[in-house]
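Reading the structure
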Amino acid sequence: MQDTLSNKALLKATVIAVFIAGLALVSFILPAEYNIDPTGIGAKLGLTALANPKAAAVDSGADTIDVPKSIQAADIIEIIVPAGRGLEFKFAMEKFKKMEYQWQTDGAAIFFDLHGEPEGDTTGYYESYAIATLADMQGSFTTPFAGVHGWYWKNKSDQAVVIKLTVNGEYTIVGLKK
């Protein structure tokens with residue numbers, strides 16, 4: 001046979017459970033998730049650093065390296081691709097930054113390769129995001145690695161092609177790659 005608890009015992013167990021849950025909320029969850037620490041225990045245990053990792057990295061006192069930050073920018077760029085030639089236009093971007101883009105030619109379809117090259121790579125490796133022959137394109141991409149990212153356009157016609165490129169995102173313009 002199984003013993004059943006009285007209403008008084010159930011009420012007592014419920015009150016104790018609610019008290020322990022409240023204590024855990026105030027002491028651990030609020031400091032770790034929301035940087036709210038009414039008791040001060042979260043700071044002593046290092047839990048408030050979990051709620052604000054950027055501040056924790058700055059406050060850690062460790063040696064820091066100045067990394068140039070990409071800036072939220074928007075630009076309209078005109079690029080002329082000479083007849084029978086190709087050229088690259090690049091942007092420096094940090095890892096996991098997003099760029100929205102739109103480009104169109106003056107009417108002619110042109111071959112392109114939207115790709116990125118990892119920072120510091122000397123092997124010639126690059127990763128293509130889109131390859132096609134079109135007169136215009138729009139979209140966005142998020143960089144999988146830090147480095148230079150942009151387009152290679154190849155004009156296979158006997159007339160120069162003018163490309164109007166509109167970009168918006170976190171980048172620094174590198175420009176035409178030689």
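What comes next is a walk through the structure. (Residues numbered from 1 in each chain as written. Predicted model: local features only at pLDDT ≥ 70, side-chain atom pairs only at ≥ 80, totals over all residues. Heavy atoms only, no water.)

1. Considering the pairing of strand β2 (residues 86-93)
- Taking burial as the measure, the eight residues of β2 include six buried ones, the bulk of the element.
- Strand direction decides the pairing type here: β2 and strand β7 (residues 147-154), joined by eight bridges, are antiparallel. Bridge pairing links Glu88 to Tyr152 in β7.
- Here β2 pairs with strand β8 (residues 161-177) via five bridges, running antiparallel. Pairing of Phe91 across the sheet is with Ile173, part of β8. (Buried < 20%, exposed > 50% of the residue type's maximum accessible area, 1.4 Å probe, protein only. Helix = DSSP H or I, 4+ residues; strand = E, 2+ residues; numbered from the N terminus. Pairing = 2+ DSSP bridges.)

2. Here we look at the side chain of Glu117
- The topology assignment puts Glu117 in strand β4 (residues 110-118).
- Excluding its chain neighbours within four sequence positions, the residues that come into contact with Glu117 are Glu88, Lys90, Tyr125, Tyr126, Phe145, Ala146, Gly147, Val148 and Lys177. (Contact = heavy atoms within 4.5 Å.)

3. A look at the environment of Gly120
- Along the polypeptide, Gly120 turns up in the loop between β4 and β5 (127-134).
- Gly120 gets classed as exposed once you look at its relative accessible area, which sits at 74%.
- Once the C-alpha coordinates of Gly120 and Gly147 are considered, the two residues, 27 residues apart in sequence, prove to be 7.7 Å apart.

4. Topic: the nonpolar core
- One finds Ile79, Phe91, Trp103, Trp151, Trp153, Leu165 and Val167 to be the most contacted residues of the largest nonpolar core, which totals 23 residues.
- Listed by contribution, the elements that provide at least two residues to this core are β1 (71-81), β2, β3 (98-105), β4, β6 (136-142), β7 and β8.
- With five residues, β8 is the single largest residue contributor to this core. (Core = buried A, V, L, I, M, F, W, Y, C linked by side-chain atoms within 4.5 Å.)

5. Focus: helix α1 (residues 7-34)
- The axis of α1 is deflected most strongly, by about 40°, at Leu25.
- Within α1, the full set of buried residues consists of Ser27, Leu30, Pro31 and Ala32.
- Positive backbone phi, approximately 60°, marks Asn35, located one or two places after α1. (Bend = angle between axes of the 7 residues up to and from the residue.)

6. Focus on a nonpolar patch on the surface
- On the surface, Leu25, Phe28, Ile29, Ile41 and Leu45 cluster together into a nonpolar patch covering about 440 Å² of accessible area.
- Secondary-structure elements contributing two or more residues to the nonpolar patch are α1 and α2 (41-45).
- Top element by residues in the nonpolar patch is α1. It accounts for three residues.
- Position of Ile41 among the secondary structure elements: in helix α2.
- Judged by relative accessible area, which is 36%, Ile41 ranks as partly exposed. (Patch = residues over 30% accessible without salt bridge, like charges linked within 9 Å, V, L, I, M, F, W, Y side chains within 5 Å. Areas by Shrake-Rupley, 256 points an atom, 1.4 Å probe, with all protein chains shown as cover. Salt bridge = Lys/Arg side-chain N within 4 Å of Asp/Glu carboxyl O.)

Everything listed here is a matter of coordinates, which is why it stays silent on function.
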